[in-house]
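Descriptive analysis of the structure
Take a look at the letters that make up each chain.
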Amino acid sequence: MSTAVGIIRALNSGVKHLAVKRFTLRYPEQKLKFVGDGFQFDPQTGVGIAGQKGRHILFHDKCTGCQLCAIACEGIAEAIAMVKVNETWKHNKKAIMPQIDFGKCVFCGLCVDACPFYCLYMTNDYELSSFTKEGLIYTPAQLAVKPSVRQDVEIKIGKRGATHG
Amino acid sequence: MTTQLPPGMQLEKVDDRIMTLNVGPQHPGSGHMRLIMKVDGDFIVSCDPDPGYVHRGEEKMAEYRNYIQNIPHLERPVIHDSCNILYPYCLAVEDLLAIEVPERAKYIRVMASELNRCVYTLYWLAIYGIFLGHSTMFMWPMGDRELFIDLLEAMSGARVTHAYFVPGGIRNDIPANFEERCLRQVNYFEKRLKEYEDIFYQNPVLKQRTEGAGILSKIDAIRLGTTGSVLRASGVDFDVRKKEPYDVYESLDFETQVLREGDSYARSRVPYLDMLESCRIIRDALKKMPKSGSVRTKLKPNPKGGNDEAYRRVESGRGSLGMYIVSDSKTEPYRVKISVGSFRNLICMPYLLKGEKLGNMPAVYWSLNYWPVEADR
Amino acid sequence: MLKELITPNAANVFVGKLGDILIRAVGKPLEYAIDWGRLWSLWPVHIETACCSVEFGAASGPRFDVERFGIIEAFGSLRQCDLVVVQGTITRKMAPRLRMVYDQMPDPKYVIAMGACAITGGLYFDSYNVLPGIDGVIPVDVYIPGCPPRPETLIQGCILLQEKIKRMKVR
């Protein structure tokens with residue numbers, strides 16, 4: 001008898017969910033909203049600013065080619081390599097800037113912590129899949145582009161369960 | 001077409017009565033490990049776990065990296081419990097470098113650790129559901145897990161590999177109006193957890209499959225050195241958060257959950273009760289947390305430990321998780337030893353599966369709260 | 001006149017030409033149908049190699065639900081699968097097993113390398129037990145970066161793979 005009651009109660013709790021709103025995020029049409037504009041770091045206070053750890057963004061007008069990001073990455077993933085760029089900046093005499101291989105990068109953000117000149121941040125961009133390994137290597141010119149990521153929905157909790165909207 | 005057998009694998013001679021059965025590594029019920037089982041009809045005669053498919057040499061590699069570079073490395077063994085595996089590392093390094101952590105950072109750490117425990121336990125529960133053929137129980141925890149993942153993502157910026165804790169505090173402060181959002185989602189989640197009771201834990205079908213399967217007595221649980229939910233399901237009251245409180249666990253209000261049965265049902269129920277306690281801890285921590293203040297003690301760029309050693313342990317999703325660090329006045333540690341709950345719970349698998357029916361294998365195997373990557377390191 | 005035309009030789013030519021026209025008429029829709037079938041039934045093998053399986057599991061959960069793209073996770077037999085998602089690190093112990101799983105699958109088969117470890121070795125570039133990427137073991141179609149990749153990135157990779165299948169010639 002108790003078995004039958006148990007099964008009926010289990011079925012009942014499942015049937016209740018027919019009235020619950022859909023939780024699925026319809027990904028290519030809808031995209032998630034994140035907090036902030038990407039993970040950033042303030043070297044003066046030594047504390048970061050909360051944000052999504054996605055693809056990096058490099059500000060060419062601030063980078064001095066000091067290689068601190070590459071040194072920070074050396075023991076982690078060796079994803080950052082310093083390459084020559086065809087630009088002349090007064091503060092970047094060697095004309096080298098970081099180039100990031102996202103096939104190796106683990107998105108830990110410790111290179112952002114290492115940068116003392118507010119020039120390497122992370123962004124909300126996460127759509128990086130590629131057909132080739134070479135397509136994952138982002139040159140300084142590619143890194144300078146600010147990604148335009150659509151952000152539509154976030155989790156909302158209502159009377160009829162959690163949903164996106 | 002005959003496939004060339006890889007080195008180290010050979011076809012065994014078939015016995016009349018006792019058959020050798022390989023479960024894994026490519027098997028829906030095994031994960032990335034192999035169980036070599038000898039079965040007599042439907043009964044398991046012996047079981048020999050064969051881990052090591054994901055051995056990546058974490059401990060050796062930690063000797064070549066400095067204390068900050070080790071952070072992303074040491075969280076990889078359990079990526080869906082990454083706050084809890086970094087916790088003992090940070091505590092031990094803080095002991096070595098003699099750093100004081102700000103009060104607010106301590107509360108945020110406890111909160112992140114409890115959120116992460118829920119994320120881990122819900123993933124574990126989802127897989128336990130699908131192992132037992134209960135696919136609703138796969139969908140519900142996987143959906144509710146996303147609520148906590150969203151909270152942790154707002155804090156740290158990544159879905160599972162947060163790299164959020166550092167020696168000296170945390171990497172960034174929590175975003176604005178996080179408290180309110182956290183409270184709302186935790187309250188909602190607690191309501192959802194009550195629904196699990198009806199569909200899963202009081203479900204007679206599930207009870208028949210798990211009750212009495214793989215009973216571990218109290219004496220055996222202590223003798224075999226199990227930890228965490230396995231130990232607490234056998235009636236031993238041991239929780240590192242209570243026995244050796246770290247950070248601010250002393251001041252928080254929660255209880256240790258202990259069951260006496262020691263079977264798969266009790267082992268699957270203890271993490272569930274722990275999740276309810278986690279909700280209490282999060283709410284309490286949100287109330288007692290200082291509203292503003294520093295969250296990170298500034299370190300030197302390349303900190304050096306003294307000629308010293310440190311051992312700290314915390315209660316992770318799988319049991320007590322310890323980190324033993326030896327330093328020899330260099331920027332890199334001399335030795336890092338991770339003592340994990342998964343591997344200690346793996347040891348009791350041959351004892352539990354002996355004499356069980358083959359159909360009980362998934363129920364017993366996954367109730368041990370075992371994550372193969374962590375056991376292999 | 002007709003008798004002169006219908007020689008065995010000419011009949012053969014006529015039948016051959018008719019066949020060509022028929023193949024041209026049927027081939028295109030048939031190729032399209034086969035492609036369409038392959039596109040929306042990418043069934044991955046259930047082989048978990050390391051920790052990226054966490055996000056692979058999350059992708060099949062209710063929030064991301066890869067079944068919308070015809071990807072059914074936790075599929076029993078690998079004889080019916082046509083996609084290998086290499087979920088993370090391949091160690092020296094796992095590599096022969098991965099190759100064996102790949103060899104047992106019927107053609108056509110596609111490979112997705114998921115996570116930094118599967119692409120280049122990632123964090124474990126200097127580990128003694130980890131392969132530096134899976135290119136030496138099996139051929140890879142799509143690379144999905146991240147450690148682990150977000151489920152959205154995985155879905156984007158699967159959409160890329162579908163595009164690649166569309167462009168491939170049907171065998």
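Keep in mind that this is a model prediction, so the values were computed, not measured.

**So, the overall build of chain A**
Within chain A, the secondary structure is distributed over four helices and nine strands. Element order for chain A, N to C, with α for helix and β for strand: α-β-β-β-α-β-β-α-β-β-α-β-β. Projecting the C-alpha coordinates of chain A onto the three principal axes gives extents of approximately 80 × 40 × 30 Å. Within chain A, contacts between residues at least 6 apart in sequence are counted, and of these 73% link residues at least 24 apart. Entry remark: accessible area of chain A is about 8100 Å², with carbon and sulfur atoms responsible for 57%.

**Details of the overall build of chain B**
Looking only at helices and strands, chain B has 15 helices and eight strands in total. Radius of gyration (C-alpha) of chain B: 21 Å, near the 21 Å computed for a compact globule of 377 residues. Its C-alpha atoms give chain B principal-axis dimensions of about 70 × 50 × 45 Å. By residue count, 66% of the 377 residues in chain B fall in the buried class. Element-wise, carbon and sulfur atoms account for 51% of the exposed surface of chain B, whose accessible area totals about 13300 Å². Positive and negative charge centroids in chain B, built from 50 and 50 side chains respectively, lie 2 Å apart.

**A look at the sheet that holds strand S2 (residues 34-40) of chain B**
Note: strands within a sheet are paired through backbone hydrogen bonds, in either parallel or antiparallel orientation. All names here are of chain B. Spatial ordering of the open sheet is given by S1-S2-S3, a layout of three strands whose pairing is antiparallel. In this open sheet, the two edge strands, each paired with only one partner strand, are strand S1 (18-23) and strand S3 (43-50). On average, each strand axis in the sheet is inclined to that of its neighbour by 20°, with strand direction left out of account. Summarising the sheet, S2 and S3 pair through seven bridges and their orientation is antiparallel. Along S3, the bridge assignment pairs Leu35 with Pro49.

**Regarding the interface of chain B and chain C**
Note on interface size: it is often stated as the accessible area lost on association of the parts. Taken together, the contact pairs 43 residues of chain B with 39 residues of chain C. Summing both partners gives a buried area of about 3600 Å² for chain B against chain C, and 60% of it is carried by carbon and sulfur. Between Glu146 of chain B and Arg63 of chain C there is a salt bridge, with its nearest N and O atoms 2.9 Å apart. There are 15 residue pairs in polar contact (both at pLDDT 80 or more) connecting chain B and chain C. Elements with a contribution of two residues or more to the side of chain B that touches chain C: helix H1 (58-61), helix H2 (70-74) and helix H5 (136-156) of chain B. With eight residues, H5 of chain B is the single largest residue contributor to the side of chain B that touches chain C. Across the side of chain B that touches chain C, the residue classes break down as 18 nonpolar, 13 polar and 12 charged.

**Concerning the interface of chain A and chain C**
Contacts between chain A and chain C engage 30 residues on the former and 30 residues on the latter. Taken over both partners, the interface formed by chain A and chain C buries close to 2600 Å², and the fraction arising from carbon and sulfur atoms is 63%. The largest contributions to the chain A side of the interface with chain C come from Ser129, Phe131 and Lys133 of chain A, which together make up 27% of the buried area. Where chain A touches chain C, the interface holds one salt bridge. Between Lys133 of chain A and Asp135 of chain C there is a salt bridge; the shortest N-O distance is 3.1 Å. Across the chain A-chain C interface, the total number found is 11 residue pairs in polar contact (both at pLDDT 80 or more).

**What about the packing of aromatic side chains?**
Two measures describe an aromatic ring pair: the distance that separates the ring centres and the angle between the ring planes. Residues and elements named next belong to chain A. The final tally for this structure, using the stated rule, is 20 aromatic pairs over all chains. Summarising the aromatic geometry, the rings of Phe59 and Tyr121 are spaced 5.9 Å apart at their centres and angled 85° between planes, so their arrangement reads as edge-to-face. Here Phe59 is found in the loop between strand S3 (56-58) and helix H2 (68-74), whereas its partner Tyr121 is found in strand S6 (residues 120-122), with 62 residues between them in sequence. Overall, Phe59 belongs to the partly exposed group, its relative accessible area being 27%.

**Some thoughts on the sheet that holds strand S3 (residues 142-144) of chain C**
Residues and elements named next belong to chain C. Spatial ordering of the open sheet is given by S1-S2-S3, a layout of three strands whose pairing is parallel. Of all strands in the sheet, those bounded by a partner on one side alone are strand S1 (83-87) and S3. Neighbour-to-neighbour, the strand axes of the sheet open up by a mean angle of 20°, direction not taken into account. As defined by bridge partners, strand S2 (residues 110-114) adjoins S3 across three bridges and the pair is classed as parallel. Directly across from Ile112, in S3, lies its bridge partner Val142.

**So, the side chain of Thr120 of chain C**
Structurally, the position occupied by Thr120 of chain C is in helix H5 (residues 116-120). A polar contact of 2.9 Å, which involves the side chain of Thr120 of chain C, links it to the backbone oxygen of Gly103 of chain A. At 3.4 Å, the side chain of Thr120 of chain C forms a polar contact with the backbone nitrogen of Gly122 of chain C.

**A look at the nonpolar core**
Counting residues in hydrophobic clusters, the biggest one holds 193 residues, and the most contacted among them are Tyr89, Phe148, Met155, Phe165 and Phe200 of chain B together with Val84 and Val86 of chain C. The dominant element in this core, judged by the number of residues it contributes, is helix H4 (residues 103-131) of chain B, at 18 residues. Once residues lying within four places of it in the same chain are set aside, the contact partners of Tyr89 of chain B are Tyr67, Asn70, Ile71, Leu74, Met323 and Ile325 of chain B. Residues Phe64, Tyr110, Met114 and Ile144 of chain C belong to the second largest nonpolar core, which totals 27 residues.

Conventions used here
- Just so you know, the residues in each chain are numbered from 1, in the order the chain's sequence is written.
- Written order decides the labels, with chains lettered from A and ligands numbered from 1.
- Only residues with pLDDT of at least 70 are given local features in this predicted model, and only at 80 or more are side-chain atom pairs given and counted; all residues enter the totals for whole chains, interfaces and linings.
- Side-chain measures were taken over the full set of non-hydrogen atoms in the model, leaving aside hydrogen atoms and water.
- A helix here means a DSSP run of H or I that spans at least four residues, while a strand means a run of E at least two residues long, and both kinds are numbered starting from the N terminus.
- Residues count as neighbours in contact if any of their non-hydrogen atoms are within 4.5 Å of one another.
- Calculation of accessible area relied on Shrake-Rupley with a 1.4 Å probe; when residues are assessed, cover is drawn exclusively from the protein chains displayed.
- We compute the radius of gyration over the C-alpha atoms and compare it with the globule rule, which gives 2.2 Å times the number of residues raised to the power 0.38.
- A simple rule labels every residue: compare its accessible area, found with a 1.4 Å probe on the protein chains alone, to the largest value its type can have, and call it buried under 20%, exposed over 50%, or partly exposed in between.
- Positive residues here are Lys and Arg, negative ones are Asp and Glu, while His and the chain termini are left out of the count.
- Throughout, a charge is located at the NZ atom of Lys, the CZ atom of Arg, the CG atom of Asp or the CD atom of Glu.
- Should DSSP find at least two bridges between two strands, the strands are regarded as paired.
- To get an axis, a line is fitted to the C-alpha atoms, and for a helix only the part in contact is used. The angle between two axes follows their N-to-C directions and goes from 0 to 180 degrees.
- Accessible area, probed at 1.4 Å, shrinks when two parts are joined; the buried area is that loss added up over both.
- Think of a salt bridge as a Lys or Arg side-chain nitrogen and an Asp or Glu carboxyl oxygen that are within 4 Å of each other.
- Think of a polar contact as two N or O atoms within 3.5 Å of one another; within protein, one of them needs to be a possible hydrogen donor and the other a possible acceptor, and neighboring residues in sequence only count if both atoms come from side chains.
- Residue type decides the class: Asp, Glu, Lys and Arg count as charged, Ala, Val, Leu, Ile, Met, Phe, Trp, Tyr, Cys and Pro as nonpolar, and the leftover types, Gly among them, as polar.
- Two rings from Phe, Tyr or Trp (for Trp, the six-membered ring) form a pair when their centres sit within 6.5 Å of each other. Planes less than 30 degrees apart are called stacked, planes more than 60 degrees apart edge-to-face, and all others tilted.
- The definition of a nonpolar core used throughout is a set of buried Ala, Val, Leu, Ile, Met, Phe, Trp, Tyr and Cys residues joined through side-chain atoms within 4.5 Å.

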